Amino acid sequence: MSIDNQIIEFFKQPNYLPMKQHEIANALGIIDKNERNAFRKVLYQLEKKGAIKRLRKNRFSLPNLSNQVLGIIKFLPKGGGILIPVDENNEEIYINERNLGVALPNDKVIAEIFHRSSQFKNNSLKTRTEGKIFEIIERHKISIVGTLKHTKYNKYVIPDDYLINHKIFVNEETEINHDHKVLIKLDDWIDPYQNITASIQKDLGKNSDLGVDVSSMLYNEGIEEKFSKNILDEVKKISVNFTEEIKKRKDLRNLITFTIDPDTARDFDDAISIEHHSKSGWNLGVHIADVSFYVNPQSKIDKEALNRGNSIYLVDRVIMMLPSELTTKLCSLTPNEDHLSHSVEMHISDDGELLSFDTFPAVINSKYRLTYNQVQKLIENKKGHKIPEDISVKIRQLYPLVKKIRQKRVNQGSLELNTPDVEIKLDDAGDVESISSRSSAKDAYQMIEDCMLLANKVVASILLKSKHPSIFRIHEDPDEEQWSKMSIELDALGIPFSPNSRDEINEIFKFIKGKKNEYAILLSILRNFKRAEYSSKCIGHFGLAFDKYTHFTSPIRRYPDLIVHRLLKNIENNNKPILNVKEIDEISKHCSSTERKADELERKSVESKRIDYYANQLKEGKNPPLKGVITSIKKNGIIVEIPETLQRGMILYATISSEWLKPNKNNTCVINEYNKIFFKLGKTIEVIISKVDIERKLIDFILCKNITHKKNNFKKIPNLKTGKLKIKKQSRRKKW
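These numbers come from a predicted model, not from an experiment.

A positive phi angle, close to 60°, is found at asparagine 58, a residue other than glycine. Along the chain, asparagine 58 falls in the loop between strand E2 (53-54) and strand E3 (59-61). Phi at asparagine 336 is positive, roughly 60°, even though this residue is not glycine. Locating asparagine 336 in the fold gives a position in the loop between helix H9 (324-330) and strand E20 (338-348).

Moving on: the confidence of the model for the chain. Do not read the predicted coordinates in detail wherever pLDDT is low. Chain-level statistics for the chain give a pLDDT mean of 89 and a share of 94% at 70 or above. Taken as a whole, residues 708-717 scores under 50 in pLDDT and shows 25 contacts with residues more than four places along the chain or in a different chain. Per-residue pLDDT stays below 50 along residues 721-736; that stretch engages in 28 contacts with residues further than four places along the chain or on separate chains.

What follows is about the packing of aromatic side chains. By the definition in use, this model includes 11 aromatic pairs. A ring pair is formed by tyrosine 156 and phenylalanine 169, whose centres lie 5.9 Å apart and whose planes are at 55°; its orientation type is tilted. Here tyrosine 156, found in strand E10 (residues 155-159), pairs with phenylalanine 169, found in strand E11 (residues 168-170); they are 13 residues apart in sequence, far enough to count as distant. Ring geometry for phenylalanine 293 versus tyrosine 294: centroids 5.2 Å apart, planes at 90°, classification edge-to-face.

With that out of the way, let us pick up the pattern of salt bridges. Counted according to the given criterion, the structure contains 40 salt bridges. Put simply, arginine 531 and aspartate 599 hold a salt bridge, and the shortest N to O gap is 2.8 Å. Of the two residues, arginine 531 sits in the loop between helix H15 (518-526) and strand E26 (533-535) while aspartate 599 sits in helix H17 (residues 581-619), which places them 68 residues apart along the sequence. The exposure class of arginine 531 is partly exposed, given its relative accessible area of 41%. Among the salt bridges present, the one from glutamate 600 reaches arginine 603, with a minimum N-O distance of 2.4 Å. Pair noted here: glutamate 600 and arginine 603 are both in helix H17, with a separation of three residues, about one helical turn. Linked by salt bridges that have partners in common, Glu245, Lys248, Arg249, Asp290 and Lys569 make up one network.

Let us look at helix H8 (residues 300-308). When we look at burial in H8, the residues that qualify are Ile301, Asp302, Glu304, Ala305 and Arg308. Buried residues of H8, viewed axially, fall in a sector of 165°; they line one side. Immediately beyond the C-terminal end of H8, within one or two residues, lies glycine 309, with a positive phi of roughly 85°.

This paragraph deals with the nonpolar core. Formed by 77 residues in total, the largest nonpolar core has its most connected members in Ile272, Leu284, Met346, Val375, Ile395, Leu398 and Met447. Looking at this core element by element, the count peaks at 12 residues for helix H12 (residues 442-466). Filtering out sequence-adjacent residues up to four positions away, leucine 284 remains in contact with Ile272, Ser273, Val344, Glu345, Met346, Ile348, Leu398, Ile405, Cys451 and Leu454. Counting 47 residues, the second-largest nonpolar core is a separate cluster that includes Val422, Ile495, Ile630 and Phe679.

Put simply, helix H4 (residues 212-220) and H17 touch, their axes get as near as 10 Å, and they point 155° apart. Put simply, H4 runs roughly antiparallel to H17. The two elements H4 and H17 cross, and the hand of that crossing is right-handed. Contact residues: Asp213, Val214, Met217 and Leu218 in H4; Leu601, Lys604, Ser605, Ser608, Lys609 and Asp612 in H17. Of the residues assigned to the contact of H4 with H17, the class counts are four nonpolar, two polar and four charged.

Turning next to the sheet that holds E10. Around the barrel, five strands lie side by side as E9-E10-E11-E13-E12; this closed barrel has mixed pairing. Going from strand to strand, the sheet's axes swing by 50° on average, the running direction of each strand aside. Bridging between E11 and strand E13 (residues 196-206) involves three bridges; their strand directions are parallel. Bridged to valine 170 within E13 is alanine 198. The sheet strands contacting H4 are strand E9 (143-150), strand E12 (180-186) and E13, and the helix crosses E13 at an angle near 140°.

Here we come to the pairing of strand E17 (residues 282-289). Across the eight residues of E17, seven count as buried, placing the element largely inside the fold. Here strand E16 (residues 270-276) runs beside E17; their pairing, made up of seven bridges, is antiparallel. The residue of E17 that forms the bridge with isoleucine 272 is valine 286. The turn joining E16 and E17, which pair antiparallel and follow one another in sequence, is formed by five residues; a positive phi near 80° is taken by glycine 281. Two strands pair when backbone bridges link them, and E17 and E20 are joined in this way by eight bridges, in the antiparallel orientation. Pairing of alanine 289 across the sheet is with serine 341, part of E20.

This part takes up the side chain of histidine 287. Tracing the backbone shows histidine 287 in strand E17. Reaching out from histidine 287, the side chain makes a polar contact with the side chain of serine 273 at a distance of 2.9 Å. Here serine 343 takes part through its side chain, which lies 2.8 Å from a polar atom of the side chain of histidine 287.

A cluster of nonpolar residues, Leu70, Val86 and Ile137, forms a patch on the protein surface that exposes about 230 Å² of accessible area. Locating leucine 70 in the fold gives a position in strand E4 (residues 68-75).

One open sheet holds the three strands; their spatial order is E1-E3-E2, and the pairing between them is antiparallel. Across the chains shown, the open sheet's two edge strands, defined by having one partner strand only, are strand E1 (19-20) and E2. In this structure, E1 lies alongside E3, joined through two bridges in antiparallel fashion. Bridge pairing in E3 places methionine 19 opposite phenylalanine 60.

We now examine the environment of isoleucine 391. Of note, isoleucine 391 is situated in helix H11 (residues 389-411). For the pair isoleucine 391 and isoleucine 256, spaced 135 residues apart in the sequence, the C-alpha separation amounts to 7.9 Å. Once you skip the residues sitting within four places of it in the chain, isoleucine 391 turns out to touch Ile256, Phe258, Lys367, Tyr368 and Leu370.

Further remarks concern the environment of isoleucine 184. Examined against the element boundaries, isoleucine 184 turns out to sit in strand E12. In the structure, isoleucine 184 is positioned 27 residues away from valine 157 in sequence and 8.6 Å away in space, judged by C-alpha atoms. Once you skip the residues sitting within four places of it in the chain, isoleucine 184 turns out to touch Ile142, Ser143, Ile144, Val157, Ile168, Ala198, Ser199, Ile200 and Gln201.

We now examine the packing of helix H13 (residues 480-492) against H15. At a closest axis distance of 9 Å, the pairing of H13 and H15 adopts a crossing angle of 170°. Our classification of the angle between H13 and H15 gives roughly antiparallel. Handedness of the crossing formed by H13 with H15: right-handed. Contacts from Met486, Glu489 and Leu490 of H13 reach H15 at Ile521, Ser524 and Ile525.

Calculation notes
Residues numbered from 1 in each chain as written. Predicted model: local features only at pLDDT ≥ 70, side-chain atom pairs only at ≥ 80, totals over all residues. Heavy atoms only, no water. Helix = DSSP H or I, 4+ residues; strand = E, 2+ residues; numbered from the N terminus. pLDDT = per-residue confidence, 0-100. Contact = heavy atoms within 4.5 Å. Phe/Tyr/Trp six-rings, centres within 6.5 Å; stacked < 30°, edge-to-face > 60°. Salt bridge = Lys/Arg side-chain N within 4 Å of Asp/Glu carboxyl O. Buried < 20%, exposed > 50% of the residue type's maximum accessible area, 1.4 Å probe, protein only. Arc of directions from axis to C-beta. Core = buried A, V, L, I, M, F, W, Y, C linked by side-chain atoms within 4.5 Å. Axes fitted to C-alpha atoms, helices over the stretch in contact; angles between N-to-C directions. Parallel < 35°, antiparallel > 145°, perpendicular 65-115°, else oblique. Left-handed = near helix turned anticlockwise from the far one by under 90°. Nonpolar A, V, L, I, M, F, W, Y, C, P; charged D, E, K, R; others polar. Pairing = 2+ DSSP bridges. Polar contact = N/O pair within 3.5 Å; in protein donor to acceptor, adjacent residues only side chain to side chain. Patch = residues over 30% accessible without salt bridge, like charges linked within 9 Å, V, L, I, M, F, W, Y side chains within 5 Å. Areas by Shrake-Rupley, 256 points an atom, 1.4 Å probe, with all protein chains shown as cover.

See below:
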């Protein structure tokens, strides 16, 4: 019998008690030195596979399978982690830092439960389950990014992900310089008492070099910016017999169509047209670049587009879903060129009612490329918009009609969400030149947005009517817990409503318009919404108040839109379904995931540049008072957001007062031990920056009123740890 079978059979004996390594060897009669070495290796391999487990004091036994839970381990900033079970019926498990073993953030693991406790908290019984990582099933990632450090004796990498609280030692000689960002590949790590080692895969450049921060984020998420040679070669082979293809399509080249996009746009995937209808009302046309004509299912281009899921719009670059040869040349609706489109033609009454619609493949010739800023000037009757008169006439017809369409949508319950957003402009050196609000061309943007919403809604109705398996864009209602939390936060902000429906939220929006705490109230509502996502089930869109909705209008940058184009063509040609429900579900799940990842990367890129901006401001001695809004109350401090830049930072309780401060049970206000209220959610306060942590992308604020100057030339400075004011005498020496 082999050694591994001997060990397992020995452990299965009814009178077996957990033993140490040498005790097991003695019991099995393994005395020879070489045999002992082989035995030790087999024992560790069995442990790694999960066939046996190591208990306290290095004793071994068979695992208790009934007490094991499979899940994803989420690390906590202060140490330890929470296991999120794969089976939603199981409860979350707390894993103490000493019980993490060789787990890394987001690994798929098996944890073993060893303790359950109950305690009363906030007048309710809370159960806490604690466990220990037993086995690593799958590493979340084996390639990570970090900063290379040189010492006299070795070289190691500090991971960019601060949740990985380990130095990772480089197992090879390297000529890469100190403080360079590097991509490393982790070696097998099976012993928590040994160092993690890795090999360097790529030098990303010096920490402070232009664009290295954003490149590091992309590599850390395993996102490739460039397309492989195979894919680019496939793009070059795309050939179109344009003359023959036009014969199969509706010819709209004489129709006045135009595109409206941001100033910096390079690809144009939607064009608009508006004409008087032959009977009454208007023909509103939404013409979308026919990407599905050029990208065939299961081609290398298509597989890579599915893998990416969507384009990613970062501060300093765009990671495209499709190669630029496709997006900016073949597919893009550039002006004064013939291009293939998939068009939605809608008959709209004079009061904005949708009367009928049709969809079809077409060929168009866009007459003009406009920007949102140009159109905004025209809407506001300002000079200098430089839009030709024939196009100006069309926009003057389109804008009042779309306002009526929008008002009908709002009247039906659609939420009027003016979500805050900022635009960061960089100079030639890659440094932040300015941070400003994106609301400068609001009317022009909303006009195009409503045209796209209506087209998406029309296509969704066609998909639903066909009964073919299709992909929809859904937004679920808030659950009971979210409604409850929203009510508590609104009550703390002085809003006498407990919303439980979309109509009630709209009533709140009307009530708060123009109020000082409007911004804080909006944030409280938004953070208690679910995320919109893709699904094979058409269950409606809560935010838009649509009972059916999909994404059709951006196939250049969203893979679900490309799928919808294929589905729509198939229905128009009266063909059988091309995808089954299972395939649609897989695409929906994947694209919802890539969208979340893209949103997170976009947020991080803005955060990184914004942090650099404030760090440079501090270096230059620029630290003016800033007006901020208390958006969240935490255990050790309050979170303040600066509305102009959306920068968030924390004020530690220790810097506010020498009193003992804490949040109330609902985390809506800050109180002392006598329940005296110091701060409330939504309160506007004046702060200055006390610290910028570039590595962790965090900012600490201090209340302005805590920084005082006395006539005796002494300065009071709050100690961030104790909260006490320490007095520092300023130098009287003149600076020459």
